[in-house]
Amino acid sequence: MGAGGPRRGPGPPDGGWGWVVLGACFVITGFAYGFPKAVSVFFRELKQDFGAGYSDTAWVSSIMLAMLYGTGPLSSILVTRFGCRRVMLAGGLLASAGMILASFASRLLELYLTAGVLTGLGLALNFQPSLIMLGLYFERRRPLANGLAAAGSPVFLSTLSPLGQLLGERFGWRGGFLLFGGLLLHCCACGAVMRPPPGPAPPPRPDPAEDRAPSGGRARRRLLDVAVCTDRAFVVYVVTKFLMALGLFVPAILLVNYAKDAGVPDAEAAFLLSIVGFVDIVARPACGALAGLARLRPHVPYLFSLALLANGLTDLISARARTYGTLVAFCIAFGLSYGMVGALQFEVLMATVGAPRFPSALGLVLLVEAVAVLIGPPSAGRLVDALKNYEIIFYLAGSEVALAGVFMAVATYCCLRRPKDTPSGPAAAGGASDAEDVEAERDCEPMPASTEEPGSLEALEVLRPRAGSPGPESEVEAVPGLGHESV
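Here is a short report on the structure shown in this document. (Residues numbered from 1 in each chain as written. Predicted model: local features only at pLDDT ≥ 70, side-chain atom pairs only at ≥ 80, totals over all residues. Heavy atoms only, no water.)

1. What about helix α5 (residues 84-102)?
Turning to step 1, where the next piece is worked out: With 19 residues, α5 should cover 27 Å at 1.5 Å per step; its first-to-last C-alpha distance of 27 Å lies within 8% of that length.
Turning to step 2, where the next piece is worked out: Residues of α5 that are buried: Cys-84, Val-87, Met-88, Gly-91, Gly-92, Ala-95, Ser-96, Gly-98, Met-99 and Ala-102. The arc that holds every buried residue of α5, seen down its axis, measures 160 degrees, which confines them to one face.
Turning to step 3, where the next piece is worked out: Where α5 is buried, its residues contact α1 (18-38), α4 (72-82), α6 (108-137), α8 (152-183) and α9 (186-192). (Helix = DSSP H or I, 4+ residues; strand = E, 2+ residues; numbered from the N terminus. Expected span 1.5 Å × (residues − 1). Buried < 20%, exposed > 50% of the residue type's maximum accessible area, 1.4 Å probe, protein only. Arc of directions from axis to C-beta. Contact = heavy atoms within 4.5 Å.)

2. So, a nonpolar patch on the surface
Turning to step 1, where the next piece is worked out: A cluster of nonpolar side chains, namely Leu-383, Leu-387, Ile-392 and Leu-396, defines an oily patch on the protein surface of about 310 Å² accessible area.
Turning to step 2, where the next piece is worked out: Of all the secondary structure elements, the ones that give two or more residues to the nonpolar patch are α15 (358-387) and α16 (390-415).
Turning to step 3, where the next piece is worked out: Exposure remark for Ile-392: the relative accessible area of 40% places this residue in the partly exposed category. (Patch = residues over 30% accessible without salt bridge, like charges linked within 9 Å, V, L, I, M, F, W, Y side chains within 5 Å. Areas by Shrake-Rupley, 256 points an atom, 1.4 Å probe, with all protein chains shown as cover. Salt bridge = Lys/Arg side-chain N within 4 Å of Asp/Glu carboxyl O.)

3. Things to note about the packing of aromatic side chains
Turning to step 1, where the next piece is worked out: Within this structure, the stated rule accounts for 17 aromatic pairs.
Turning to step 2, where the next piece is worked out: Measuring from centroid to centroid gives 5.1 Å for Phe-31 and Phe-156, while their planes differ by 70 degrees, and the two rings are edge-to-face. Taken together, the residues span a long stretch of sequence, with Phe-31 in helix α1 and Phe-156 in helix α8 at a distance of 125 residues. Here Phe-31 and Phe-156 have matching classes, each one buried.
Turning to step 3, where the next piece is worked out: Between Phe-127 and Phe-346 the ring centres are 5.9 Å apart and the planes differ by 70 degrees, which places this aromatic pair in the edge-to-face class. Of this pair, Phe-127 sits in helix α6 while Phe-346 sits in helix α14 (residues 324-353), and the two are 219 residues apart along the sequence.
Turning to step 4, where the next piece is worked out: For Phe-346, a relative accessible area of 7% puts it in the buried group.
Turning to step 5, where the next piece is worked out: Linked through ring pairs, Phe-26, Phe-31, Phe-35, Phe-42, Phe-50, Phe-156, Trp-173, Phe-177 and Phe-180 together constitute an aromatic cluster.
Turning to step 6, where the next piece is worked out: Over the ring of Trp-17 we find Arg-195; its NZ or CZ atom is 4.0 Å from the centre of that ring.
Turning to step 7, where the next piece is worked out: Between the NZ or CZ atom of Lys-241 and the centre of the ring of Phe-346, over which it lies, the distance is 5.6 Å. (Phe/Tyr/Trp six-rings, centres within 6.5 Å; stacked < 30°, edge-to-face > 60°. Lys NZ or Arg CZ within 6 Å of the ring centre and 35° of its normal.)

Coordinates in, geometry out; function isn't part of it.
Put into structure tokens, the structure is as follows:
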């Protein structure tokens with residue numbers, strides 16, 4: 001495995017090639033979250049060339065974000081069927097082709113279909129598989145790995161926007177789109193390094209006929225495991241994410257205009273977002289390292305709740321900020337809590353549903369988040385236009401995020417807390433029974449080894465030992481139909 005040293009047991013290697021995978025996840029996360037915002041630097045030229053308004057050109061970024069979040073279930077299905085590497089390579093080509101074709105657009109509709117739909121879909125097909133592969137390579141250091149990967153978002157956002165401004169000034173928006181399309185080919189390079197970690201080779205089950213479909217002898221599996229929705233812990237997480245997404249992004253979107261409305265000069269108002277980005281860069285890996293501590297890791301859901309509550313209270317307290325000093329203080333506090341939320345959100349989901357069901361769970365969560373994003377920020381913009389008052393928007397957004405944090409903490413404590421006399425095991429961690437876990441694992445059963453790509457999601461069942469399991473032998477029983485060649 002390289003520099004990571006010898007592996008300890010049958011679980012993820014927690015190092016070695018995993019650091020290369022982590023670097024690729026850093027790049028993919030940066031493109032996924034930073035690219036839709038970076039494209040906005042070309043909006044002024046697009047308005048002039050197409051004679052459109054700001055709202056019409058802004059739909060390019062909106063469609064891109066909607067595709068990123070809303071195609072989560074589709075990405076889950078493709079990853080389950082074809083594996084992470086193939087999906088990411090195809091996604092990189094789609095994202096690049098979308099921007100290249102957009103550089104030849106003659107109408108806004110063509111921009112919507114190319115830069116919006118194609119590029120957004122390509123980014124989605126890279127983002128979700130990268131998180132899945134990260135979970136394959138890290139277990140003990142997973143919180144730190146998630147924090148470092150999440151740091152790609154503020155780093156790329158603070159890099160791509162100035163780069164887009166420079167390219168627009170020198171080559172125009174068409175040249176900028178063309179070069180951005182070439183830049184997105186790096187997603188293919190990131191997908192190429194997503195090789196599966198080595199794992200044990202379990203023997204076949206004694207009676208494979210039990211797990212075969214009635215016709216054709218092919219193994220049966222679900223491409224999208226919607227049974228995860230019956231897990232109480234997952235339902236709590238989904239509700240939390242929906243409430244969070246309604247208000248989390250609103251302050252960052254309105255911050256610059258809010259500062260200008262308070263009398264802050266344009267240059268200083270724009271610098272406020274840079275302050276949020278710089279703090280965010282530091283907060284994400286630091287919070288990931290903190291969540292990986294032995295004493296704190298079992299309580300990561302409560303740490304996530306605390307981050308949400310801190311973010312919401314920051315919005316509420318700073319709603320009446322008027323001086324530049326108070327706005328800077330707000331940006332520091334907001335960037336810190338925002339970074340904590342970004343570092344912990346996927347770690348909490350991984351710990352909630354487990355590795356086998358994580359792809360399906362992530363797809364469904366992104367779909368719910370897409371709905372919330374399409375409701376929250378646009379509604380906030382309409383309220384600002386109608387009321388001409390930013391304070392109410394900050395109060396509303398802060399209340400939604402704070403409510404998400406309180407709900408997560410209370411629901412986790414009251415509904416999901418394991419009784420002291422309950423033995424530890426896979427069911428206790430996710431709130432599901434042993435029978436539900438066995439059913440979920442059988443639903444994730446792979447196709448025959450001769451038709452599967454190495455590195456597809458079936459390796460999740462083999463590579464990650466469940467908490468409280470007696471050893472690799474028990475895991476063999478949970479993975480029907482896996483031969484040596486499928487790993």
